[in-house]
Amino acid sequence: MGVEFVDLFNQWASSYDDTVSGKDPEYKEVFEDYDVMLQELADLAISPVLEFGVGTANLTRKMVSQNKVVAGIEPSEEMRQIANVKCPEAAVYKGDFINFPSLQLPVRSIVSSFAFHHLKEEEKRLALNVYYDKLEEGGEVIFIDTLFKDEAHKLSLIKDAEEKGHLNLAQDLQEEYYPYLGDLEHLFVQQGFEVSFKQKNKFAWLIQAKKGD
């Protein structure tokens, strides 16, 4: 899944941290309060943690600094190389949201930041089914990601980006698989999760989905 994005992330790896830290004006609002959001996610995660879309290990490093056991999954070779240098304490494996090594550890939290939208709807459904089975009772999926409240919200964000001359962002908002909140909520509930959403900036939301006890 999402193999169409691997080359993009290989190319983006060297400048990814500059982008998320706000140095790219086109994506500054997307990643506003990035570090604060990742810290909140790290604080919520309960060890052992399975992280998808590790990227350059910004979230991973925060969790490891809290003495949490973290196993990471990342499809991009370039991203994995950076992650291994920045956070050698975590085990980072090649894989994606659906296809990943069978890890022999209990999983209390499944986390991801700004990555789940790379899955198409049916892939999201399949992934959540896998996560429900993988999590221990009472475990949680905790994501930070971009999503739309509804169609009107999507169109307003695209229009705003176009008016600011942020044409790459406008294109991303139309071409990537960002979900509508209601659709994503339905997918989680279908798989047996109790889910909540909290908006963190203009684009990003905190998603918490608990597996029933």
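Residues numbered from 1 in each chain as written. Predicted model: local features only at pLDDT ≥ 70, side-chain atom pairs only at ≥ 80, totals over all residues. Heavy atoms only, no water.

Undergrad: How do you make sense of the packing of aromatic side chains when you look at a structure like this?
TA: Two aromatic rings are characterised by how far apart their centres lie and by the angle between their planes. Summed over the entire model, instances satisfying the criterion amount to 12 aromatic pairs. Between Tyr-34 and Phe-114, the aromatic rings sit 6.0 Å apart at their centres with planes inclined by 35°, giving tilted as the arrangement. Highlighted residues: Tyr-34 in helix 3 (residues 34-44) and Phe-114 in the loop between strand 4 (107-113) and helix 6 (121-134), separated in sequence by 80 residues. Taken as a pair, Tyr-34 and Phe-114 share a single burial class, namely buried. (Phe/Tyr/Trp six-rings, centres within 6.5 Å; stacked < 30°, edge-to-face > 60°. Helix = DSSP H or I, 4+ residues; strand = E, 2+ residues; numbered from the N terminus. Buried < 20%, exposed > 50% of the residue type's maximum accessible area, 1.4 Å probe, protein only.)

Undergrad: What should I look at first to understand the packing of helix 3 against helix 4 (residues 58-65) in this one?
TA: A pair of packed helices can be characterised by two numbers: the angle between their axes and the separation between those axes. Between helix 3 and helix 4, the shortest axis-to-axis distance is 9 Å and the interhelical angle comes to 45°. One element, helix 3, and the other, helix 4, form an angle in the oblique class. Seen from above, helix 3 lies across helix 4 with right-handed handedness. Residues Tyr-34, Asp-35, Leu-38, Gln-39, Leu-41 and Ala-42 of helix 3 lie in contact with helix 4, whose contacting residues are Asn-58, Leu-59, Lys-62 and Met-63. (Axes fitted to C-alpha atoms, helices over the stretch in contact; angles between N-to-C directions. Parallel < 35°, antiparallel > 145°, perpendicular 65-115°, else oblique. Left-handed = near helix turned anticlockwise from the far one by under 90°. Contact = heavy atoms within 4.5 Å.)

Undergrad: Explain the packing of helix 7 (residues 151-163) against helix 8 (residues 167-175) here, please?
TA: With their axes 7 Å apart at the nearest point, helix 7 and helix 8 run at an angle of 160° to one another. Taken together, the axes of helix 7 and helix 8 lie roughly antiparallel to each other. As helix 7 runs across helix 8, the sense of the crossing is left-handed. Counted together, Lys-154, Leu-157, Ile-158, Ala-161 and Glu-162 of helix 7 and Leu-167, Leu-169, Ala-170, Leu-173 and Gln-174 of helix 8 form the full contact between these two elements. Grouping the amino acids of the contact of helix 7 with helix 8 by side-chain chemistry returns seven nonpolar, one polar and two charged. (Nonpolar A, V, L, I, M, F, W, Y, C, P; charged D, E, K, R; others polar.)

Undergrad: Honestly, the nonpolar core in this entry has me stumped. Any pointers?
TA: As a rule of thumb, soluble globular proteins bury nonpolar side chains together. Within the largest apolar cluster, 38 residues are counted, with the highest numbers of intra-cluster contacts made by Met-63, Val-111 and Leu-173. Elements represented by at least two residues in this core include exactly helix 2 (16-20), helix 3, helix 4, helix 5 (77-86), strand 5 (135-146), helix 7, helix 8 and strand 7 (204-211). In terms of residue count, the dominant contributor to this core is helix 3 (five residues). Leave out the neighbours within four places in its chain, and Leu-173 touches Phe-148, Lys-154, Leu-157, Ile-158, Tyr-178 and Phe-203. Formed by 30 residues, the second largest nonpolar core is a distinct cluster that contains Ala-71, Phe-100, Trp-205 and Ala-209. (Core = buried A, V, L, I, M, F, W, Y, C linked by side-chain atoms within 4.5 Å.)

Undergrad: Would you mind going over the UniProt feature "binding site: S-adenosyl-L-methionine" (unreviewed entry) in the protein chain with me for this structure?
TA: As recorded in UniProt, the feature "binding site: S-adenosyl-L-methionine" (unreviewed entry) lies at Gly-53, Glu-74 and Asp-96. Judged by maximum C-alpha separation, these annotated positions cover 44 residues in sequence but sit close together in space, the widest gap being only 7.2 Å. Along the chain, Gly-53 turns up in the loop between strand 1 (49-52) and helix 4. Setting aside anything within four residues of it in sequence, one finds Gly-53 in contact with Ile-73, Glu-74 and Ala-115. Among the secondary structure elements, Glu-74 is positioned in the loop between strand 2 (70-73) and helix 5. A relative accessible area of 4% means that Glu-74 is categorised as buried. (UniProt positions renumbered as here; feature names shortened; annotations may be inferred.)

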